[in-house]
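Below, each chain spelled out in residue letters.
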Amino acid sequence: SSNIIVKQNLEDVSLYTYETELIHILINIINNSIDAFENKNISNPLIIIDVKQEANKNCIVRIKDNALGIDENLLDKIFEPYFTTKDDKSSGVGLSLFIVHDLIKRHLKGIVEVTNTEFKHKNKTFNGLEVKLVLPININ
């Protein structure tokens, strides 16, 4: 899927945090969306990234895709090690969201939540997964 549309709504937020870990987390989340687009043959793949500051203490990052979401019964399992939704288990060891969760909680002192979502883009309604990161502006 080289034709992924990425829509960004970014507030200018300065974070005092671990840059390498944050980049690793964002790449992991976006790669999961890309995998889902391919697995589900999504013809018009879309990723929406929203970043805003909340009351001077947190940065809220929301990453949504239109890859139809995942089974509600699996949502509470996605942070477990070795959990994967991929049909071909050899292609994913299921560690990416486990690692994301661990990095955010232990290193970045934040919270990560994953929910199925319905959203509008250009007057069309889409279904997918939303990953919400709540990150302290200043890790100290």
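The rules behind each value
Residues numbered from 1 in each chain as written. Predicted model: local features only at pLDDT ≥ 70, side-chain atom pairs only at ≥ 80, totals over all residues. Heavy atoms only, no water. Helix = DSSP H or I, 4+ residues; strand = E, 2+ residues; numbered from the N terminus. Rg over C-alpha atoms; globule rule 2.2 N^0.38 Å. Buried < 20%, exposed > 50% of the residue type's maximum accessible area, 1.4 Å probe, protein only. Contact = heavy atoms within 4.5 Å. Areas by Shrake-Rupley, 256 points an atom, 1.4 Å probe, with all protein chains shown as cover. Lys, Arg positive; Asp, Glu negative; His and termini not counted. Charge placed at Lys NZ, Arg CZ, Asp CG, Glu CD. Pairing = 2+ DSSP bridges. Right-handed = clockwise from strand over helix to strand, strands pointing away. Axes fitted to C-alpha atoms, helices over the stretch in contact; angles between N-to-C directions. Core = buried A, V, L, I, M, F, W, Y, C linked by side-chain atoms within 4.5 Å. Salt bridge = Lys/Arg side-chain N within 4 Å of Asp/Glu carboxyl O.

Turning our attention to the overall build of the protein. Assigned secondary structure in the protein consists of two helices and five strands. Starting at the N terminus and ending at the C terminus, the protein contains elements arranged as β-α-β-β-α-β-β. A globule of 140 residues ought to have a C-alpha radius of gyration of about 14 Å, and the protein, at 15 Å, matches this closely. Summarising its shape, the C-alpha atoms of the protein cover approximately 40 × 35 × 25 Å along the three principal directions. Going through the 140 residues of the protein one by one, you find that 41% of them count as buried. Excluding contacts between residues fewer than 6 apart, the proportion of contacts in the protein whose partners are at least 24 apart in sequence is 65%. Accessible surface, the protein as shown: approximately 8,500 Å² in total, 49% of it carbon and sulfur. Seen as two clouds, the 16 positive and the 19 negative side-chain charges of the protein have centres 4 Å apart.

Another point: the pairing of strand β2 (residues 46–54). Taken together, the six bridges between strand β1 (residues 5–10) and β2 define a ladder with parallel strand orientation. Among the inter-strand pairings, Lys7 is bridged to a residue of β2, identified as Ile48. Taken together, β1, helix α1 (residues 19–39) and β2 form a β-α-β motif whose crossover is left-handed. Pairing of β2 with strand β3 (residues 58–65), which is carried by eight bridges, proceeds in the antiparallel orientation.

Next up on the list: the sheet that holds β1. Taken together, the five strands give an open sheet; going across it, the order is β1-β2-β3-β5-β4, and neighbouring strands pair in mixed fashion. The sheet is open, and its two borders are formed by β1 and β4 (111–121), each paired with just one other strand. Neighbouring strand axes in the sheet, compared pairwise and without regard to direction, differ in orientation by 20° on average. Across seven bridges, the pairing between β3 and strand β5 (residues 124–136) is antiparallel. Within the sheet, the bridge partner assigned to Asn58 lies in β5 and is Pro136.

A word on the nonpolar core. Ile25, Ile29, Val61, Ile78, Ile104, Leu133 and Leu135 are the most contacted members of the largest nonpolar core, which totals 31 residues. Listing elements by their share of this core, those giving two or more residues are α1, β2, β3, α2 (96–107), β4 and β5. The leading source of residues in this core is α1, at five residues. Excluding anything up to four places from it in sequence, Ile104 contacts Ile25, Lys109, Gly110, Ile111, Val112, Leu133 and Leu135.

Time to look at the side chain of Asn58. Note that Asn58 resides in strand β3. Apart from the residues within four sequence positions on either side, Asn58 is in contact with Lys52, Gln53, Val134, Leu135, Pro136 and Ile137.

Looking at where Glu19 falls in the secondary structure, it is placed in helix α1. The class of Glu19 is exposed, set by a relative accessible area of 59%.

Before going further, it helps to examine the pattern of salt bridges. In this structure the tally under the stated criterion is three salt bridges. The shortest N-O distance in the salt bridge between Lys64 and Asp50 comes to 3.8 Å. Taken together, the residues span a long stretch of sequence, with Lys64 in strand β3 and Asp50 in strand β2 at a distance of 14 residues. Judged by relative accessible area, Asp50 falls into the buried class, the value being 17%. Where Arg62 meets Glu130, a salt bridge forms, and the shortest distance between an N and an O atom there is 2.6 Å. Remark: Glu130 occurs in strand β5 and Arg62 occurs in strand β3; sequence separation between them is 68 residues. When its relative accessible area of 30% is taken as the criterion, Arg62 is described as partly exposed.

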